[in-house]
Structure formats: C-alpha cells, structure tokens
Amino acid sequence: MRYQIFSYRYAQEILEHHTNKMAWDEITKVVADTPVFTFPGKSEKNRRLDVVQQCMNTWFDRVLAVENDWLYHPLATLIQQSKLAADFRKSFSNVTIQAEVQFGNMSRWYSDIFKLQTAYAQSLAHIGLSIVPMWSLARRIDSNVVSYERVIRELPSANLSITMPILVIGIEPDETTTVVDLRQTKIPCRSFTTRGSEKNRYRVVNAVLSGSDLAILDDTCDTGPMATPIVDVSDDDE
C-alpha cells in the first residue's frame, strides 16, 4: 500500500526517534504490506463499490494481533465494566501505542478518537495510531466512509480537547499492492460481510498469508490462526 502520514501533536517525531525505531518500523511495514480485498460486483446498485471493508479489518486483526503480538480489543479505560474496547495496544521498550483501524462510517472514527483520548487520559497509552483509507480507497468501500483527507481536516480543530499525540496513516493501493479478488474463492460475498462471517474472513486472510490457492477455499476449510480478544465485541463494533 501507498501511505501518507499526518503527525498530530508530534506523534511522528516521537515515533521516529531512535529509541522508538522498533515501533516505527513495525507499523510502517505492516501498512506497506497490506493487500486490498475486492469483490467486484458486490453492489448491484453501485458498480464502483468493490472493496470489502470487513476483510480489510480482519487483515489488520490477524497481522497485528497474531503476527506482531499486539493486544486485541483491550479495554480503553480503567473502568472494568465499561466494555469500551480499543482495537489494539502494544508496549514497546519506551512507548505504549494504542491503535484504531477504521474502514467504516465516519461516525465510527469519532468513537475511535474518544477511545484514544480516554486511554491517554488514564495513562494506558502514550501515542495513538489511526489507520484509515485515503478517499480514493474509501469511495470503493461505501458511502460516507472515513477518509484520511477528512480526518486531517477535522482533527486539528480538536486541538484543545484531544491532547494525545496521534499518528494518522492514510492508505491506498498502488501498482505494488497485492489485490485479493475474493471471487476466486468458493465463498459468496455475503458470507464475508454479514454478522457471524468472521471465520470466512480469517480463512481468506490466512490463505493469503500462507500463499495457499484461493480457488479451493470454502466455508469448510480450516480457519487458521485467529486473534483472541481481551474484551469480546460483536462484528459491528469493530
């Protein structure tokens, strides 16, 4: 993936410091290596829509939580009964980062920022990471999807209330990006996107990671490794 970075409250400068090189390198590699999951024709009404948001989310779940040992859905607050779960959090040698990955509606992003600031205010994290699509990718997912361009336009207006340093990364496919055409599998589009379809998403993500043949993939295949949440949230809370 091609990516752009917006450094809110010097987040990039903090993470590029030599003491945080491991964190910086890990984040940028994960982002650069991200494929795009498509199902052309997923919408009969809008032929432009071809990117499957849910599989994009599952890719980051798998790669961050399983491959790189980020905590998956940790509490974003010290209030144990709240069930207010972040997407990811990881403590490196000198910094703890909380990450929110969002390919859904713009309203979800505002919730992500609330969770980041809550964790920061309670000393659960030092830096926030917000990964979102660029407009060119967002418009292929659905209407009113969060976009990097809108995020960097709106976030500075909250300068007095959002005090956490946040690294915003916007991603879009380029000529080097792997395109995963989900039509190659034996799994229909709806079985990737509806509630309860998590296992099918892991099947395809793990197949991509292992280099397996997508053509033999159906809903009876082994799911492969899956991220284990600390706080259980439903599919539509991601």
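Our subject is the structure listed above.
The model shown is predicted, which means the values in this text are computed figures rather than measured ones.

Cut-off values and rules
Residues numbered from 1 in each chain as written. Predicted model: local features only at pLDDT ≥ 70, side-chain atom pairs only at ≥ 80, totals over all residues. Heavy atoms only, no water. Helix = DSSP H or I, 4+ residues; strand = E, 2+ residues; numbered from the N terminus. Rg over C-alpha atoms; globule rule 2.2 N^0.38 Å. Contact = heavy atoms within 4.5 Å. Areas by Shrake-Rupley, 256 points an atom, 1.4 Å probe, with all protein chains shown as cover. Lys, Arg positive; Asp, Glu negative; His and termini not counted. Charge placed at Lys NZ, Arg CZ, Asp CG, Glu CD. Expected span 1.5 Å × (residues − 1). Buried < 20%, exposed > 50% of the residue type's maximum accessible area, 1.4 Å probe, protein only. Salt bridge = Lys/Arg side-chain N within 4 Å of Asp/Glu carboxyl O. Pairing = 2+ DSSP bridges. Axes fitted to C-alpha atoms, helices over the stretch in contact; angles between N-to-C directions.

Re the overall build of the protein chain
Here is step 1 of the chain: Across its full length, the protein chain carries eight helices and eight strands.
Here is step 2 of the chain: On C-alpha atoms alone, the protein chain measures out to a radius of gyration of 17 Å, which is about the 18 Å that the 2.2 N^0.38 rule sets for 238 residues.
Here is step 3 of the chain: Dimensions of the protein chain, computed from the C-alpha atoms along their principal axes, are close to 50 × 35 × 30 Å.
Here is step 4 of the chain: A separation threshold of at least 6 residues defines the contact pool for the protein chain, and within that pool the share at least 24 residues apart is 69%.
Here is step 5 of the chain: When the accessible surface of the protein chain is summed, it comes to about 11,200 Å², and 49% of that surface belongs to carbon and sulfur atoms.
Here is step 6 of the chain: Here the protein chain holds 25 positive side-chain charges and 30 negative ones, and the gap between their average locations is 4 Å.

Things to note about helix H2 (residues 21–32)
The periodicity of an α-helix, 3.6 residues per turn, causes residues three or four positions apart to be oriented the same way.
Here is step 1 of the chain: Spanning twelve residues, H2 covers 16 Å between terminal C-alpha atoms, matching the ideal 16 Å at 1.5 Å per step.
Here is step 2 of the chain: Ala23, Trp24, Glu26, Ile27, Thr28, Val30 and Val31 are the residues of H2 that are buried.

Quick look at the pattern of salt bridges
Here is step 1 of the chain: If you walk through the whole model with that rule in mind, you get eleven salt bridges.
Here is step 2 of the chain: The shortest N-O distance in the salt bridge between Arg183 and Asp181 comes to 2.7 Å.
Here is step 3 of the chain: The exposure class of Asp181 is buried, given its relative accessible area of 15%.
Here is step 4 of the chain: Because the salt bridges share partners, they merge into one network encompassing Arg2, Glu172 and Glu175.

Thoughts on the sheet that holds strand S7 (residues 166–172)
Here is step 1 of the chain: One open sheet accounts for six strands, arranged S1-S7-S6-S5-S4-S3; its pairing is mixed. The open sheet has two edge strands, strand S1 (2–8) and strand S3 (71–72), and neither has a second partner.
Here is step 2 of the chain: Here helix H3 (residues 53–67) sits on the sheet in contact with S3, strand S4 (88–91), strand S5 (96–101), strand S6 (127–133) and S7, set at roughly 20° to S4.

Some words on the environment of Val63
Here is step 1 of the chain: When you line up the elements, Val63 lands in helix H3.
Here is step 2 of the chain: Overall, Val63 belongs to the buried group, its relative accessible area being 9%.
Here is step 3 of the chain: A sequence separation of 146 residues divides Val63 from Leu209, and the C-alpha atoms of the two residues are 9.1 Å apart.
Here is step 4 of the chain: Setting aside chain neighbours within four positions, we find Val63 in contact with Val30, Asn68 and Leu209.

Regarding the environment of Pro225
Here is step 1 of the chain: Topologically, Pro225 is positioned in the segment after helix H8 (198–210).
Here is step 2 of the chain: Distance in space between the C-alpha atoms of Pro225 and Asn206 is 7.3 Å, their sequence separation being 19 residues.
Here is step 3 of the chain: Other than its neighbours up to four places away in sequence, Pro225 contacts Arg62, Val66, Tyr202 and Asn206.

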